[in-house]
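Residues per chain, in single letters:
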Amino acid sequence: MNYRLINMKVFGDERGKLISLEGNKNIPFEIKRVYYIYDTIPDFERGKHAHKNLEQIIIAIDGSCQFVLDDGKRREELWLNRPDVGLYIGKNMWREMRHFSYGCKLMILASEYYDEKEYIRDYDKFIEEINTSF
Ligand code: T46
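Quick caveat, the model's predicted, so the values are computed rather than measured.

Looking at the site of the ligand
The ligand sits among 14 residues. The nearest are Arg33, Arg46, His51, Gln56 and Tyr119. At 2.7 Å from an oxygen atom of the ligand is found a side-chain nitrogen or oxygen belonging to His51. Contact distances for the ligand include 2.9 Å between an oxygen atom and a side-chain N or O atom of Arg121. Considered on its own, the ligand offers 650 Å² of accessible surface; in the complex 68% of this is hidden by protein. Of all the secondary structure elements, the ones that give two or more residues to the shell around the ligand are β4 (33-37), β5 (46-51), β6 (56-62) and β10 (94-98). Tallying contributions element by element places β5 first for the shell around the ligand, with four residues.

Pasting the structure below:
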């Protein structure tokens, strides 16, 4: 499975906590884009797509949500609920996000600029692409 959890170093003192994210250092790629998701509500799912070339790190800055990750052979679930843990998702991984807490805030660092052509939004097509690329 082309994903892993990365623990971020926390600089904390009596004033609070700080985490620094640097491309090609604790983030394993050059960061070309940052976006965030907020004002979430539990009733709706997001994601349901894969990326042909994109790598991303997803951090639940506040609140929580569940991720389903699928490489075409296996499906695994995990919760994102800590601002000091980043979920790295590599290429060709189907992802679904659900069970958002109210007002969950996800920050996402991406290795590429936004390109809708690079998304695979149909699960059958994803399986087809996986099977033809190996
Ligand atoms: C991902 C998960 C974690 C843009 O115009 N620019 C952007 O950089 C992004 C990310 C999205 N958009 C547009 C495309 C859609 O019209 O924003 C709208 C919502 O995007 P989407 O439905 O793809 O959002 P999610 O939450 O399902 O997925 C997003 C990312 O698209 C995706 O890469 O891995 O967050």
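Having put the structure on the table, let's press on.
Considering the sheet that holds strand β7 (residues 65-70)
Strands in a sheet are paired, the pairing made by backbone hydrogen bonds, and the direction either parallel or antiparallel. Strand order across the open sheet formed by five strands is β8-β7-β10-β5-β12, with antiparallel pairing between neighbours. Each edge of the sheet is formed by a strand with only one pairing partner; in this case those strands are β8 (75-80) and β12 (119-120). Here β7 pairs with β8 via six bridges, running antiparallel. Within β8, the residue paired with Gln66 across the bridge is Trp79.

What to know about the sheet that holds β4
With respect to topology, five strands assemble into an open sheet ordered β1-β9-β6-β11-β4, the strand pairing being antiparallel. Each having just a single partner strand, β1 (3-7) and β4 make up the two edges of the open sheet. Across the sheet, the mean angle from the axis of one strand to that of its neighbour is 25 degrees, orientation sign disregarded. By the bridge criterion, five bridges tie β1 to strand β9 (residues 85-89) in an arrangement that is antiparallel. Across the sheet, Asn7 pairs through a bridge with Val85, a residue of β9.

What about a nonpolar patch on the surface?
A cluster of nonpolar side chains, namely Ile41, Phe44 and Tyr102, defines an oily patch on the protein surface of about 370 Å² accessible area. Structurally, Phe44 can be placed in the loop between β4 and β5.

Here we look at the nonpolar core
Counting residues in each nonpolar core, the largest one holds 17 residues, and the members touching the most others are Ile58, Phe67, Leu87 and Leu106. For this core, the secondary-structure elements that each account for two or more residues are β6, β7, β8, β9 and β11 (105-110). When residues of this core are assigned to their parent elements, the largest contribution, three residues, is made by β7. Beyond its immediate stretch of four places on either side in the chain, Phe67 contacts Ile58, Glu76, Glu77, Leu78, Leu80, Leu87, Ile89, Glu96, Met97 and Leu106. Ranked by size, the runner-up nonpolar core spans eight residues in total, among them Ile27, Phe29, Tyr88 and Leu109.

So, the pattern of salt bridges
As enumerated under the stated definition, the model contains 11 salt bridges in all. With a shortest N-O distance of 2.8 Å, Arg82 and Asp84 are connected by a salt bridge. Residue Asp84 is classed as buried on the basis of its relative accessible area of 16%. The residue Arg121 makes a salt bridge to Glu116 at a minimum N-O spacing of 2.7 Å. Take Arg121: its relative accessible area is 45%, and that puts it in the partly exposed class. On the accessibility criterion, Glu116 (35% relative accessible area) is partly exposed. Each of Asp70, Arg75 and Glu96 takes part in one network of salt bridges that share partners.

Cut-offs used in this document
Residues numbered from 1 in each chain as written. Predicted model: local features only at pLDDT ≥ 70, side-chain atom pairs only at ≥ 80, totals over all residues. Heavy atoms only, no water. Near = heavy atom within 4 Å. Polar contact = N/O pair within 3.5 Å; in protein donor to acceptor, adjacent residues only side chain to side chain. Areas by Shrake-Rupley, 256 points an atom, 1.4 Å probe, with all protein chains shown as cover. Helix = DSSP H or I, 4+ residues; strand = E, 2+ residues; numbered from the N terminus. Pairing = 2+ DSSP bridges. Axes fitted to C-alpha atoms, helices over the stretch in contact; angles between N-to-C directions. Patch = residues over 30% accessible without salt bridge, like charges linked within 9 Å, V, L, I, M, F, W, Y side chains within 5 Å. Salt bridge = Lys/Arg side-chain N within 4 Å of Asp/Glu carboxyl O. Core = buried A, V, L, I, M, F, W, Y, C linked by side-chain atoms within 4.5 Å. Buried < 20%, exposed > 50% of the residue type's maximum accessible area, 1.4 Å probe, protein only. Contact = heavy atoms within 4.5 Å.

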